[in-house]
Amino acid sequence: MNNLMLDLLQFPFMQRALLAGLFLALLLALLGIFVILRKMSFWGDGLAHASLAGIALALLLAINPLFLAIVIAVIFALLVYYLERKTTLSSDAIIGVLFTSLMALGIILLSFKAGYQPDLISYLFGNILAIKNSDLYLMAVCTAVILYFLLKYRKQLTLITFDKESAYLAGINVNLFDLIFYIFLAVAVVLGVKILGIVLVSALLIIPASIAKLVAKSFRLINILSVIFAEIIVSLGLVISYYFNLPSGAVIILTGTLIFLVMVLAKHLKLMPE
Amino acid sequence: MKVVEVKNLTVAYDNNVVLHDISFDIEAENICAVIGPNGSGKTTLLKAILGLAPIEEGKIKIFGKTIKEALSQISYVPQRFTFDKTFPITVEEFMALSLRPRNKKNLIDEKLNELEMLEVKNQLLGSLSGGQLQRVLIARSLLNDPLILFWDEPISGIDIGGERTFYQLARHLNQDHKITIILVSHELDVVYKFANQVVCLNKKLICQGVPEKVLTSEKIAELYGPISLYKHQHRHE
């Protein structure tokens, strides 16, 4: 195994992919806990699909797609936040309307660019070869900022997730924290688009936290387990995809699904301590 | 000294008036019971004071300040605490979320012990029975040395032994720690036994003041409708 890892790490693209994957796993694992406990699982899909409009525009203008995708995803998050408070519609209805609209806009924008679009395919399904050093720096900075926020305000975020009324009575500005959380979630999901693709990125937000929730007997434990599972899923998925020459995003997700199924089965058969 | 001032309060949900033109004050160190029939607006009144219900008209002050400014000095136990029972959080972790930074963590043990709930400290909150949860919520409400406690039907789901413990605790907090207690109750017995102020509601203010003086047969009939009433024999314990 050690030799396999060394063999794999001799390639700079693989070093970048692994590093980016580890950053991403940490970030999405921690955000994912709040996402599944707040029943916001549709958010990940919505954000990723909406970012297509940014990617399409960037491809047309020949600028960095990741940056423009983040901008569009943040606008999407702000619109959902605003409409949740100004209408009687549920979040999933609002997300459904907005992400399909932004995706439709992206498709129209892409129709202006003639010919085969390899960049587009890599954004749709993920491509570890596409990770540049500049992407890695952007990921490192975003991970550091979001991680700082999550750790410093862990108590406030948990109380808001658990019970908004209690959070308000504890003097927490619930609306402000919700707004920041939505924006950071948007940034984190788009960061994952390069590795996992628009279609699959939300799985890394949901699967590790869901596996952790199956077994965790405390909030501390769900945090630790979610990160451990996410890191295992990404590293194992990348290694398998490299050696079997399979699409990395899809292999990462299926690795997660397999672990999830094993844990569900183990719990069902009472193989885990209660 | 007035700790809560409610002036001409009207609360409405979607143009449906739930409370109309309510005014009263609560003095420091009182035990004030808010009573009234089902749907009379008791919970809404508490929520409006706490800033959790939409105020159509009127003013509320706590310690002469706005609700938001006074939040650090009050605590609240809701009638029904609804939460995701599958949320993986232990009782201790749940309590710690409401613990202000200046307070030490062993305060959690102390308050749980006061409510005889120390043994559930490491259990998942979602695994507690209704009565156990209520006791944990009461323990949580005592964490940050509040000056006013808002308790909405605090003993619902608690067994008789627990009820006694609860009222002993309420009396102890009020008499020894000088905490003002405002509690919603549907039991007149509670009012006579523990409260020195009563606020009677039925969408509007029916009466308010010292229970023995204001809770006349007429007022009770006005509050609950024409029911046969037995004269209550008041006995201080």
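Residues numbered from 1 in each chain as written. Chains lettered and ligands numbered in written order. Predicted model: local features only at pLDDT ≥ 70, side-chain atom pairs only at ≥ 80, totals over all residues. Heavy atoms only, no water.

Trainee: How do you make sense of the packing of helix H7 (residues 118-125) of chain A against helix H11 (residues 174-196) of chain A when you look at a structure like this?
Mentor: The axes of two packed helices give the description: the angle between them and the distance between them. All names here are of chain A. For the pair H7 and H11, the least separation of the axes is 5 Å and the interaxial angle reads 115 degrees. It follows that H7 is roughly perpendicular to H11 by the angle criterion. Relative to H11, H7 is oriented so that their crossing is right-handed. Here H7 contributes Ser122, Tyr123 and Phe125 to the contact with H11, which in turn contributes Val193, Lys194, Ile195 and Leu196. Residue classes in the contact of H7 with H11 are distributed as five nonpolar, one polar and one charged. (Axes fitted to C-alpha atoms, helices over the stretch in contact; angles between N-to-C directions. Helix = DSSP H or I, 4+ residues; strand = E, 2+ residues; numbered from the N terminus. Parallel < 35°, antiparallel > 145°, perpendicular 65-115°, else oblique. Left-handed = near helix turned anticlockwise from the far one by under 90°. Contact = heavy atoms within 4.5 Å. Nonpolar A, V, L, I, M, F, W, Y, C, P; charged D, E, K, R; others polar.)

Trainee: Looking at this model, I keep getting lost on helix H3 (residues 91-98) of chain B. Mind explaining?
Mentor: Owing to its 3.6 residues per turn, the α-helix aligns residues three or four sequence positions apart on the same side. Counting buried positions along H3 of chain B gives seven out of eight residues, so the element sits mostly inside the fold. Within H3 of chain B, burial applies to Val91, Glu93, Phe94, Met95, Ala96, Leu97 and Ser98 of chain B. The inward-facing, buried residues of H3 of chain B abut helix H9 (154-162) and helix H13 (219-243) of chain A together with helix H4 (106-114) and helix H5 (130-141) of chain B. (Buried < 20%, exposed > 50% of the residue type's maximum accessible area, 1.4 Å probe, protein only.)

Trainee: Teacher, can you tell me more about the sheet that holds strand S4 (residues 55-62) of chain B here?
Mentor: Sheet strands associate in pairs through backbone hydrogen bonding, adopting either a parallel or an antiparallel arrangement. Residues and elements named next belong to chain B. Taken in spatial order, the three strands make up an open sheet running S2-S1-S4, and their pairing is antiparallel. Looking at the sheet topology across the chains shown, the edges are occupied by strand S2 (16-27) and S4. The mean angle between the axes of side-by-side strands here comes to 10 degrees, regardless of whether they run parallel or antiparallel. Judged from the eight bridges that link them, strand S1 (residues 2-13) and S2 form a sheet pairing that is antiparallel. From the neighbouring strand, valine 11 faces S2, where its bridge partner is leucine 19. (Pairing = 2+ DSSP bridges.)

Trainee: Looking at this structure, how should I read the confidence of the model for chain A?
Mentor: Predicted coordinates in areas of low pLDDT are best not read in detail. On average, residues of chain A carry a pLDDT of 92, and 98% of them reach 70 or more. Looking at the elements of chain A, mean pLDDT is at its lowest for helix H1 (residues 2-9) of chain A, recorded as 73, and at its highest for H9 of chain A, recorded as 96. (pLDDT = per-residue confidence, 0-100.)

Trainee: Sorry if this is basic, but what is going on with the packing of helix H2 (residues 12-37) of chain A against helix H12 (residues 201-215) of chain A here?
Mentor: Residue and element names in this part refer to chain A. Direction vectors running N to C along H2 and H12 enclose 70 degrees, while the axes themselves pass 7 Å from each other. Taken together, the axes of H2 and H12 are roughly perpendicular relative to one another. Between H2 and H12 the crossing geometry is right-handed. Across the interface between the two elements, Leu24, Ala25, Leu28, Ala29, Leu31, Gly32, Ile33, Val35, Ile36 and Leu37 from H2 touch Val201, Leu204, Leu205, Ile206, Ala209, Ser210 and Lys213 from H12. Its residues placed into classes, the contact of H2 with H12 shows 14 nonpolar, two polar and one charged.

Trainee: What is the right way to read unusual backbone geometry from this model?
Mentor: For residues that are not glycine, phi is negative in most cases, and the peptide bond is trans in most cases. Residues and elements named next belong to chain B. Unusually for a residue other than glycine, aspartate 145 sits at a positive phi of about 50 degrees. As for its placement among the helices and strands, aspartate 145 is situated in the loop between H5 and strand S6 (148-152). Residue aspartate 145 is classed as partly exposed on the basis of its relative accessible area, which comes to 49%. You will see that lysine 178, though not glycine, has its phi angle at about 60 degrees, which is positive. Within the secondary structure, lysine 178 sits in the loop between helix H6 (160-176) and strand S7 (180-184). Assessed through its relative accessible area of 47%, lysine 178 is described here as partly exposed.

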